[in-house]
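Architecture at a glance
Here's the letter readout for the chains.
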Amino acid sequence: MPSTVDPSAPVLLFDSGVGGLSVLAALREVLPQAPVIYAADEAGLPYGTKSEAQVTARVAGLLGRMSERYRPRLACIACNTASTIALGMVREVLEIPVVGTVPAIKPAAALTRTGVIGLLGTEATVRQSYVDDLERAHAAGKTLLRHAAPELVTLAEARLRGEAVPLDAVRRAVSGLLDHPRAAEIDTVVLACTHFPLLRDELGAVFGPGVTLVDGALGIARRIAALTEGQAFERREPDLAVTTGPLDEFRALAPRLCELGLTRIEKF
Ligand code: DGL
């Protein structure tokens, strides 16, 4: 049966800030022909320090309004914090497929040799029962050491604005894992916040070559490709990035947004 989806309908990627760009980079590799709208809720950043009720209300409300305005074929919550808290609610509100971002505990558990896995996320993500469930399902018998590293969100935002990110600041942000009594056994670290792969080089330098950093970006991109398989894609205008925050601040990201094909910038 031919697809009834408008070929110009975009894939909507949503995050509190620039974190979802790590997912967009993977999506560009897997599905370069897909028109994309990237939405950053910079006015709501950070989500990691908010309550579950605040995140749910904000994300469900914004995605509802964005879906009405942009008519996407699919929405991706490219944010672990929002997904682990609000995915169920968003799926109830939207009438299109919604792809979430799940901390990559399953692939990390398959990779670890020592059985000791670190997990870096926001304060909100590391306390979610969603993460407890993933740990029970995929990492039983392993040790998962969770550490909230909210400073990495700020550092990733700064890096994408072209600012220098001192390694010492990255080291301090992850000291809960580096100084843990079992630190020497950690051979795999889950980057359970989409901002963190944007600091992969710095995190790699801080943890050293013996530690594998795992994130879910490629898996999410492949899921989007699978859910849109058989659909036609036609980019009728350049891809768009929108922000809920001040437009002039968002424009500082223009070089990186352009590299990812987001050549139009607007306020939502
Ligand atoms: N990018 C978001 C995530 O994946 C977190 C950033 C924030 O605290 O808003 O969890």
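Located above this text is the structure these notes cover.
Predicted model only: the values in this text are computed from it and were never measured.

Thresholds, definitions, all that
- Residues numbered from 1 in each chain as written.
- Predicted model: local features only at pLDDT ≥ 70, side-chain atom pairs only at ≥ 80, totals over all residues.
- Heavy atoms only, no water.
- Helix = DSSP H or I, 4+ residues; strand = E, 2+ residues; numbered from the N terminus.
- Rg over C-alpha atoms; globule rule 2.2 N^0.38 Å.
- Contact = heavy atoms within 4.5 Å.
- Lys, Arg positive; Asp, Glu negative; His and termini not counted.
- Charge placed at Lys NZ, Arg CZ, Asp CG, Glu CD.
- Near = heavy atom within 4 Å.
- Polar contact = N/O pair within 3.5 Å; in protein donor to acceptor, adjacent residues only side chain to side chain.
- Areas by Shrake-Rupley, 256 points an atom, 1.4 Å probe, with all protein chains shown as cover.
- Salt bridge = Lys/Arg side-chain N within 4 Å of Asp/Glu carboxyl O.
- Buried < 20%, exposed > 50% of the residue type's maximum accessible area, 1.4 Å probe, protein only.
- Pairing = 2+ DSSP bridges.
- Axes fitted to C-alpha atoms, helices over the stretch in contact; angles between N-to-C directions.
- Parallel < 35°, antiparallel > 145°, perpendicular 65-115°, else oblique.
- Left-handed = near helix turned anticlockwise from the far one by under 90°.

Once that is clear, we can look at the overall build of the chain. When you go through the chain residue by residue, the secondary structure sums to 13 helices and ten strands. Relative to its length of 268 residues, the chain is compact, with a C-alpha radius of gyration of 18 Å against a globular reference of 18 Å. Principal-axis analysis of the C-alpha atoms places the extent of the chain at approximately 55 × 40 × 35 Å. In the chain, 77% of the contacts between residues at least 6 apart in sequence involve partners at least 24 apart. One way to put it: in the chain the 28 positive side-chain charges average out to a point 3 Å from where the 31 negative ones average out.

Let us look at the site of the ligand. What surrounds the ligand is a group of 14 residues, the closest being S16, Y47, N80, T81 and H195. Between the ligand and the protein, one listed contact pairs an oxygen atom with a side-chain N or O atom of S16 at 2.7 Å. Contact between the ligand and N80: an oxygen atom at 2.7 Å from a main-chain N or O atom of the residue. Here the ligand has 300 Å² of accessible area as a free molecule, and 99% of this is covered by the chains.

We now examine the pattern of salt bridges. Evaluation of the coordinates by the stated rule reveals 17 salt bridges. Close ionic contact of R236 with D6 constitutes a salt bridge, the shortest N to O distance being 3.9 Å. Note that R236 is positioned in the loop between α11 (217-227) and β9 (239-243) and D6 in the segment before β1 (11-15), a separation of 230 residues in sequence. Judged by its relative accessible area of 39%, D6 falls in the partly exposed class.

What follows covers unusual backbone geometry. Negative phi is the rule for most residues except glycine; trans is the rule for most peptide bonds. In this chain, L45 is followed by P46 through a cis amide linkage whose omega measures 0 degrees. With respect to the secondary-structure elements, P46 resides in the loop between β2 (36-40) and α2 (52-70).

The subject of this paragraph is the sheet that holds strand β3 (residues 74-77). If you trace the six strands from one edge of the open sheet to the other, you get β4-β3-β1-β2-β9-β10, paired in parallel fashion. Single-partner strands in this sheet number two, and they are β4 (98-99) and β10 (262-267). Taken together, the two bridges between β3 and β4 define a ladder with parallel strand orientation. Its bridge partner being in β4, A75 is matched across the sheet by V98. Against the sheet, helix α1 (residues 21-30) contacts β1, β2, β3, β9 and β10, and its axis sits at roughly 170 degrees relative to β2.

Turning our attention to the packing of α1 against α11. Between α1 and α11, whose axes approach to 8 Å, the crossing angle comes to 50 degrees. What the angle tells us is that α1 and α11 run oblique. As α1 runs across α11, the sense of the crossing is right-handed. Every residue of α11 that contacts α1 at S22, V23, A26, L27 and V30 is listed here: A217, L218, I220, A221, R222, I224 and A225.

In this section: the environment of L253. Within the secondary structure, L253 sits in the loop between α12 (247-251) and α13 (254-259). Along the chain, L253 and E266 lie 13 residues apart, while their C-alpha atoms are 12 Å from each other. Excluding residues that lie within four positions of it along the chain, L253 makes contacts with V18, E42, L160 and R161.

Here we come to the sheet that holds strand β5 (residues 116-121). Note on sheets: strands pair through backbone hydrogen bonds, and any given pair is parallel or antiparallel. Pairing in this open sheet of four strands is parallel, and the strands run β6-β5-β7-β8 from one edge to the other. Two strands lie at the open edges of the sheet, namely β6 (143-148) and β8 (212-214), each paired on one side alone. Neighbour to neighbour, the strand axes of the sheet diverge by 25 degrees on average, direction disregarded. Note: strand β7 (residues 186-191) against β8, three bridges, orientation parallel. Paired with T188 across the strands is T212, a residue of β8. Packed onto the sheet, helix α10 (residues 200-207) meets β5, β7 and β8 and runs at close to 145 degrees relative to β8.

Read these as layout, nothing more, since geometry by itself doesn't imply function.
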